[in-house]
Amino acid sequence: MAKAYWVATYRSVSNPDALAAYAKLSGPAIAAAGGRILARGLPSQVYEVGLEQRTVLIEFDSVEQAKAAHDSPAYQEAMKALAGGAERDIRIIEGV
């Protein structure tokens, strides 16, 4: 079974306090669901039409595990804490 990767990019952050509350809850929720945060932060370098956006890369053992993590009650609680404080793009992709 191929690994899966949850890639989140932050287009904008309108409420840093909400983002901090989300981060406090989301990290443990993702870890409890089997996720491993591999990278997070602003890009060191961008190319082509790359944007200077906060990016988070999380590894899971499968797409199903990543989806279950997102849909879990613990992660949904973190989403409530974020409450529109950031505009994000989240994608789950299967590894090769």
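Residues numbered from 1 in each chain as written. Predicted model: local features only at pLDDT ≥ 70, side-chain atom pairs only at ≥ 80, totals over all residues. Heavy atoms only, no water.

Draft legend 1. Up close: the packing of aromatic side chains. Under the defined criterion, the tally for this structure stands at 3 aromatic pairs. With centroids separated by 5.9 Å and ring planes inclined at 20 degrees, the aromatic side chains of tryptophan 6 and phenylalanine 60 adopt a geometry described as stacked. Placement of the pair is tryptophan 6 in strand 1 (residues 4–13) and phenylalanine 60 in strand 3 (residues 54–60), with a sequence separation of 54 residues. Just as tryptophan 6 is buried, phenylalanine 60 falls in that class too. Measuring from centroid to centroid gives 5.9 Å for tyrosine 22 and tyrosine 75, while their planes differ by 80 degrees, and the two rings are edge-to-face. Linking tyrosine 22 in helix 1 (residues 16–32) with tyrosine 75 in helix 3 (residues 73–82), this pair joins segments that are 53 residues apart in sequence. Tyrosine 75 shares its class with tyrosine 22; the two are buried. Aromatic rings pair up to connect Trp6, Tyr22, Phe60 and Tyr75 into one cluster. A cation over an aromatic ring shows up here: arginine 54 above the ring of tyrosine 10, its NZ or CZ 5.7 Å from the ring centre. (Phe/Tyr/Trp six-rings, centres within 6.5 Å; stacked < 30°, edge-to-face > 60°. Helix = DSSP H or I, 4+ residues; strand = E, 2+ residues; numbered from the N terminus. Buried < 20%, exposed > 50% of the residue type's maximum accessible area, 1.4 Å probe, protein only. Lys NZ or Arg CZ within 6 Å of the ring centre and 35° of its normal.)

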